Structure formats: C-alpha cells, structure tokens
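Breakdown of the fold
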Amino acid sequence: MRRMAALPAHVQVAIVGAGFGGIAAAVRLVQAGVRDVVLLERGDEVGGTWRDNRYPGCACDVQSHLYSLSFAPNPDWSRTYSPQPEIQAYARRVADDFGVRERLHLHTTVLGAAWDGATQRWQLRTSRGALTAAVLVLAQGALSEPAMPDIPGLDDFRGPVFHSARWRDDVALEGRRVAVIGTGASAIQFVPAIQPRVAALDVYQRTPPWVMPRHDRAITAVERAIYRRLPVAQRLVRARIYAWRELLALPFQHPRLARLVQHIALAHLRAQVADPALRARLVPDYVIGCKRILLSNDWYPALARPNVQVVNDPIARVRPEGIETRDGTVRPADVLIVGTGFRPTAPPLADAVHGRAGTTLAAAWQGSPVAHLGTTVHGFPNLFMLMGPNTGLGHSSVLYMLEAQVAHLVGALRHCARHGIAAIEPTRAAQAAWRDDVARRERGTVWTSGGCASWYLDRTGRNSTLWPDFTWRFRRRVAPFDASEYAVVAPTPAHDAPTLVTA
Ligand code: NAP
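Please read all numbers here as calculations on a predicted model, not as lab measurements. (Residues numbered from 1 in each chain as written. Predicted model: local features only at pLDDT ≥ 70, side-chain atom pairs only at ≥ 80, totals over all residues. Heavy atoms only, no water.)

Some details on the domain arrangement of the protein chain
Per the domain assignment, the segments making up the protein chain are domain 1 (10-46 + 100-145 + 343-501) and domain 2 (154-209 + 248-338). The gap between the C-alpha centroids of domain 1 and domain 2 is 34 Å. Opposite the 19 residues of domain 1 that make contact, domain 2 presents 16 residues. Where domain 1 abuts domain 2, roughly 1,400 Å² becomes buried across the two surfaces, and 60% of that area is made up of carbon and sulfur atoms. Here domain 1 and domain 2 share 0 salt bridges between them. (Domains from an automatic or database assignment. Contact = heavy atoms within 4.5 Å. Buried area = accessible area lost by both parts, 1.4 Å probe. Salt bridge = Lys/Arg side-chain N within 4 Å of Asp/Glu carboxyl O.)

Right, here's the structure in full:
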C-alpha cells in the first residue's frame with residue numbers, strides 16, 4: 001500500500017470531500033492562484049456519490065454533456081445518460097488532469113471543526129490528526145449519508161440487509177428471494193437490473209413515483225470524433241440540453257402545467273403495464289414534480305414480470321424470515337435491500353462544526369438548514385458550503401449550481417486578499433433576505449402545493465433542499481461576490497466574546 005502523506009499543520013483552504021464539489025473547488029482555487037489547498041476525503045477514492053453508489057443499473061438521469069464540469073468537457077461519453085462507472089472514471093480523470101490528486105488526503109475523516117477567533121483559523125480534527133485552515137469548504141455532498149428506515153425488527157432479519165448506496169457485491173442474488181423497500185430514483189434503477197437474476201422479488205412501495213420515458217441512446221463514434229476535434233460542437237449540444245432543461249423548471253413553478261405533464265407519464269404507464277390492477281397501484285396521488293420525477297423505460301416492465309410482486313400494504317415489521325405487512329401477511333425473503341434514500345437536511349458534520357460563538361451549525365439551524373446563497377452561514381466565518389441548503393435541483397444538473405458556488409468562493413477569497421481581510425461572514429440581514437427570497441420564489445410551486453411529503457422538506461416542513469427557480473437565476477445571483485452582504489470578522493483575544501465589524 002502507498003504510504004499516505006502526512007497532513008500539513010496549516011493550510012489556507014481545507015476542503016472536506018472529494019466529490020465533484022471538492023474537485024471543482026480545488027481546480028478553480030488553484031487556477032485563481034490559491035495553491036495551498038488540501039482535500040480531506042474519508043473514502044478511498046475521489047467521486048463522492050458516484051464512488052459510493054455502485055448498485056446494478058446505476059446511471060445519471062441528467063444528460064452527460066450537461067452533467068459534467070464546464071472546464072472539463074468529456075468528448076468520450078458513451079451514452080446520452082452515462083452509467084455510473086463512466087461518471088466515476090470521469091471524476092478520477094479530472095482529479096488527475098487538473099492536479100487535484102497531489103492535494104488529496106484519502107482515508108481522512110473530518111471529525112470536527114471549530115473557529116478560533118484569536119488565530120482566525122479553523123481548527124480541524126480528523127481521523128489522521130489535527131490541522132488548521134484559514135478557510136473551510138464543506139463539500140461533503142447532500143446525498144452522502146444513507147438513511148436506513150426505522151422499521152421494527154430490521155436488525156433481526158436472518159439474511160443480509162444492505163442499503164443501495166452500500167451495495168454488497170459479495171451477496172449473491174441469483175435464485176434468491178429478494179425484498180426491496182423503496183421506489184425512488186435508486187430503486188427504479190436497480191430493480192430492473194436484478195429482476196432477471198432473482199427467483200422472487202417483492203417491491204415494497206409506500207408512495208408510487210411519477211415515471212417518465214427515458215430517451216437514452218448510444219453516442220456514435222462519429223459524434224465523439226466531432227466533439228474531440230471540434231469542442232465547440234459539444235458546447236452547443238450542452239447549451240441545447242441546458243436550455244431544454246431550463247424549460248422543465250416551468251411545470252415545477254406552475255402546478256397547472258405539471259398536471260399536463262402528468263398525461264405523458266400516465267401514457268407511459270398505460271403503454272408499459274397491461275394489467276389494470278397493477279396499473280392502478282402504480283398511479284401516484286400527488287402532483288408530478290412534488291417528489292423527484294423519475295426517468296425509466298424498464299421500471300414498469302420489470303414490475304410486470306411474473307417473479308415480481310408490488311406490495312402496497314404498509315410494512316408492519318421485519319421478521320427474521322421475511323417482511324410482515326399490516327394485514328398480517330409475512331412474505332419470506334433471503335435478502336433485504338433498502339433503497340430508502342439519504343438524509344440531506346441533517347448532515348452529521350452539522351453537529352461537529354462550531355462557529356465563532358461556539359454553537360454548532362445544527363444548533364444554529366434548529367432542524368431547518370439555511371445558508372446565505374446556499375453557500376455561507378452567519379456566525380461561521382470563512383466557511384463555504386457546496387451543495388448547501390436550497391441548492392439542489394429537480395430539473396437540471398447540480399454541477400452547474402456547484403460551479404456558481406465555487407465562483408462565489410473564489411470571488412470571496414480574491415476580495416479578502418485584495419483588501420487584506422482575514423475573515424468574513426454573511427451579515428444576518430443578508431442571510432435572512434436570501435431565506436425570504438427563496439421562500440418567495442417557491443410560493444405556489446409543486447413543492448409547496450403538490451400534496452406530497454418528500455426528502456426536500458426538513459423536519460420543520462420547510463423546503464431547505466431545492467432551489468425553486470431557473471438555474472441561470474441562481475448563477476446570476478450567487479456567482480458574483482457582493483462584499484456589501486458580508487461583514488469582516490475581527491480577531492478576538494483568546495476566550496473573549498467575538499466582535500463583528502461591518503465592512
Ligand atoms: P428517495 O428518492 O428518497 O426514495 C426513497 C424511497 O424509499 C421512497 O420510495 C420512499 O417512500 C421509500 N422509503 C423511505 N423510508 C421508508 C420506510 N420507512 N418504509 C417504506 N418505504 C420507505 O431515495 P433514492 O431513490 O436513493 O434517491 C435519492 C436521491 O438521490 C434522488 O432524489 C436523486 O436526487 C438522487 N439520485 C439520483 C440518481 C440519478 O440518476 N441522478 C439516481 C439515484 C438517486 P416515500 O416516497 O413514501 O417516502
């Protein structure tokens with residue numbers, strides 16, 4: 001095994017996480033002349049969610065020409081919607097090609113961070129020792145903490161139990177009876193992939209999702225040759241996909257339009273499921289878009305196969321030999337796979353990051369995360385979040401959002417360097433205005449009036465996950481750094497109360 005490089009005692013910028021957010025931040029910072037950067041990554045490779053999600057059938061439901069970093073186009077995508085191994089290989093290549101790897105510390109879990117007002121540095125505790133950083137970038141991703149369902153008896157199940165984001169290649173599924181809990185974006189990809197291999201497949205569905213056709217195709221060798229020789233052609237394709245996807249924001253904003261889109265999904269269901277009884281169980285009861293819209297051509301056909309049962313009765317408990325539903329039926333299973341999603345609104349690091357008053361992010365948020373421009377937090381100097389609150393999307397590429405946030409980060413550091421400022425944070429007023437602005441934008445959208453409960457909502461019922469508008473509006477607002485929304489944080493003598501000086 002290669003010896004791991006020791007952590008430096010101090011760096012200018014410490015980035016937590018080496019997924020696309022961490023990679024983009026490192027590349028852009030170095031390009032801007034900020035070279036003293038490290039990435040602290042708990043895993044054994046870069047790639048984040050694309051490293052962790054290796055379940056059969058895993059792919060991105062945003063076209064690859066758009067789901068890639070603007071500064072690293074990939075002319076070699078094999079399909080319009082590329083599979084996970086290709087996206088992961090792309091992340092690795094970008095890390096190699098743009099000098100990220102030399103700044104990367106793998107197997108390094110950040111355990112906690114505290115702002116030290118006297119030195120104006122973040123003090124970081126990691127699984128491989130301590131370091132300090134002038135600037136802390138949290139790029140650990142929104143979908144990095146798998147959520148196990150809170151179902152009685154889960155621990156007593158006799159066979160293997162695993163989450164889709166922690167796929168067990170060592171568990172053979174051939175000829176086994178498999179139970180799947182969940183019918184979200186992950187399950188609709190792995191269920192069709194495993195269905196032909198298993199003896200019996202019970203799919204436990206709590207809420208039927210809306211499913212639209214997926215227009216995927218191979219990208220031809222000729223197209224790839226054109227993109228390699230004529231990069232502008234690929235940029236034009238990217239722009240066309242971007243513009244089309246921006247239009248998709250409209251149904252989210254106008255539920256009446258969303259109801260029209262529902263007809264396409266219902267026609268898709270009718271075309272793919274002949275059995276009216278099964279079809280009836282697959283019709284969603286909320287407005288399309290309220291939860292993530294899923295794209296699949298093989299989900300419904302898989303559910304209609306003779307070895308698959310869609311179970312709508314709510315789960316009562318897990319028994320050692322199978323799953324018991326509320327009507328008292330116990331369906332035996334050998335393997336239990338949970339596709340129950342993630343916890344984006346309660347990231348564990350929020351309990352371990354302490355700001356200038358000593359409070360944690362979790363305490364400041366009280367269950368409802370908020371960050372100015374989704375990126376910076378009042379009370380937490382020199383802290384930048386990528387994929388922070390209200391930066392997720394239902395209709396386009398989150399990499400586009402990430403790059404706007406990275407531009408903000410670079411602008412902030414440039415401003416500080418130019419003016420000799422050691423520490424900044426957003427003013428309370430700016431952050432509150434942003435929160436109100438997001439709330440105003442989402443009024444009347446499918447997320448507030450669509451009649452569903454989704455992971456977009458936090459425990460207070462507020463959407464603290466999604467950006468409810470066009471992505472170009474986010475970029476226009478977030479990418480430029482506006483110093484008037486920030487305050488300079490003055491150093492504090494050790495143990496003194498910190499003071500804020502408005503710039
Ligand atoms: P998800 O969308 O949150 O779906 C979780 C599923 O598990 C839902 O069907 C949910 O039912 C069900 N569930 C949760 N707890 C349950 C319980 N206690 N009992 C029974 N059912 C339960 O999770 P995901 O499928 O992993 O996807 C999460 C996100 O990852 C997506 O929204 C998307 O942003 C991203 N993703 C993207 C891609 C891609 O192609 N780009 C692929 C996979 C994932 P309810 O609906 O009733 O809550």
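A look at the nonpolar core
Inside soluble globular proteins, nonpolar side chains tend to come together where they are buried. Judged by nonpolar contacts, the single largest core of 86 residues is most densely connected at I15, F20, L69 and I337. The biggest single contributor to this core is helix 12 (residues 398-419), with 9 residues. When residues no more than four places from it in sequence are discounted, the contact partners of I15 are G22, A25, A26, L29, V37, V38, L39, L40, V137 and A139. The next biggest cluster of nonpolar side chains, apart from the first, holds 29 residues, and it includes A133, L136, V370 and A423. (Core = buried A, V, L, I, M, F, W, Y, C linked by side-chain atoms within 4.5 Å. Buried < 20%, exposed > 50% of the residue type's maximum accessible area, 1.4 Å probe, protein only. Helix = DSSP H or I, 4+ residues; strand = E, 2+ residues; numbered from the N terminus.)

Examining the pairing of strand 14 (residues 322-325)
For strand 13 (residues 315-319) and strand 14, the ladder comprises 4 bridges, and the chain directions are antiparallel. Paired with I315 across the bridge in strand 14 is T325. Between strand 13 and strand 14, which follow one another and run antiparallel, lie 2 residues. The turn joining strand 14 and strand 15 (residues 330-332), which pair antiparallel and follow one another in sequence, is formed by 4 residues; a positive phi near 95° is taken by G328. (Pairing = 2+ DSSP bridges.)

Some details on unusual backbone geometry
The phi dihedral of Q366 falls on the positive side, at around 50°, and the residue is not glycine. Along the polypeptide, Q366 turns up in the loop between helix 11 (361-365) and strand 18 (383-385). Judged by its relative accessible area of 55%, Q366 is exposed. With a phi close to 60°, N390 is a non-glycine residue in the positive phi region. In this structure, N390 sits in the loop between strand 18 and helix 12.

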